[in-house]
Structure formats: C-alpha cells, structure tokens
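# Observations on chain architecture
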Amino acid sequence: MASAVVAEAAAAKVRGEGKQMMMMQKKNRIQVSNTKKPLFFYVNLAKRYIQQHNEVELSALGMAITTVVTIAEILKNNGFALEKKVATSTVGMKDETREGGRMVQKAKIEIVLKKTEKFDLLMIANNRPKAAAAEATNSDDKKEKGKQ
C-alpha cells in the first residue's frame, strides 16, 4: 500500500501540491491491503475511526478493492455506518515486477462511511457480552474455590 501513497503523492506533485499532500494525510483514512492484515482487523479499525472522527475513508488499489467493499458492507449491514461517498479511479504506477518498470494503470476505490445514529448503542451492546462473559467466568471461579 506504500506504493498507493507514493502514487498519490506523485499525482499531487504534478498538480503542485506535493508538500501540502504529504502534510495533510487524512487522519480518518484506512488504506486497505488484502495481504497484510485480516479482514476483521480493518473492520474493527474502521469502527474505532468512526467513533473518533464520525466517519472513515476506506481506500484500496487493485485486488484489495473487494476487501474494502466487504468491510464497508459488514459495517453497513450491522448498522454501524452509512455510505456517504464512493469514488473510483485509476492510478498510474510503476510495476517493479515487470522488466523495465513500465507504468501500469491500477483501479482505485475510495468509500467514505459515516456514523449511524445507533452507532454508540451498538458499540455498547457489542462490548457488553464480553464483559458479562468475563464476569460470569470470574464468579464461577470464585464458586469453585469456595467448594474446595
């Protein structure tokens, strides 16, 4: 995904925005890779970003596009997020795997999701079963110790 940042910075440099672009990396942007982290790492990270910034921008190149769409659908279907914007484009970048490092076009997607009204309630509900299960386990352990 570093190549995505480099390609975006190169495009910004062409437009004369090089330094501004590097300084203004969005704090609520997640650049998704389908090889580095598991799917639910990104789902949970997106929830945290939505909690902090009220929205999150998911972006990916090439084969990782399906992963971004899946993350967005999981968040939408579970009531955590609403779709605010979807943008597709192509990005030119050098392909280091081929001879001569030719320029190739890669598909890019950006999906912006915003917080739903019931987001906070859902987050509380999601965290409650874990706490209740931990409490039940602790009380069972205390009962077992009392029997001995």
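Look above for the structure.
As the structure is a computational prediction, the values presented were derived from the model and not from experiment.

The tally for this structure, following the rule as stated, stands at 2 aromatic pairs. Look at F41 and Y42: their rings are 5.3 Å apart centre to centre, the planes differ by 80°, and that puts the pair in the edge-to-face class. For Y42, a relative accessible area of 4% corresponds to the buried category. With a centroid separation of 5.8 Å and 75° between ring planes, the pair formed by F80 and F119 is classed as edge-to-face. Here F80, found in the loop between α4 (65–77) and β3 (81–94), pairs with F119, found in helix α5 (residues 119–147); they are 39 residues apart in sequence, far enough to count as distant. Across the pair, exposure class does not vary: F80 and F119 are buried alike.

In total, this model carries 7 salt bridges according to the counting rule given. Across the pair E57 and R29 runs a salt bridge, and its minimum N-O distance is 3.1 Å. Note that E57 is positioned in strand β2 (residues 55–61) and R29 in strand β1 (residues 29–31), a separation of 28 residues in sequence. When its relative accessible area of 5% is taken as the criterion, E57 is described as buried. The closest approach of N and O atoms between K108 and E110, which form a salt bridge, is 3.5 Å. A relative accessible area of 11% places K108 in the buried class. Given a relative accessible area of 17%, E110 falls into the buried group. Sharing partners across several salt bridges, the network here consists of R29, E57, K108 and E110.

Mapping N78 onto the fold places it in the loop between α4 and β3. In sequence terms N78 and F119 are 41 residues apart; their C-alpha atoms lie 9.6 Å from each other. Within polar-contact distance, the side chain of N78 engages the backbone oxygen of I74 at 2.9 Å.

Calculation criteria
Residues numbered from 1 in each chain as written. Predicted model: local features only at pLDDT ≥ 70, side-chain atom pairs only at ≥ 80, totals over all residues. Heavy atoms only, no water. Phe/Tyr/Trp six-rings, centres within 6.5 Å; stacked < 30°, edge-to-face > 60°. Buried < 20%, exposed > 50% of the residue type's maximum accessible area, 1.4 Å probe, protein only. Helix = DSSP H or I, 4+ residues; strand = E, 2+ residues; numbered from the N terminus. Salt bridge = Lys/Arg side-chain N within 4 Å of Asp/Glu carboxyl O. Polar contact = N/O pair within 3.5 Å; in protein donor to acceptor, adjacent residues only side chain to side chain.

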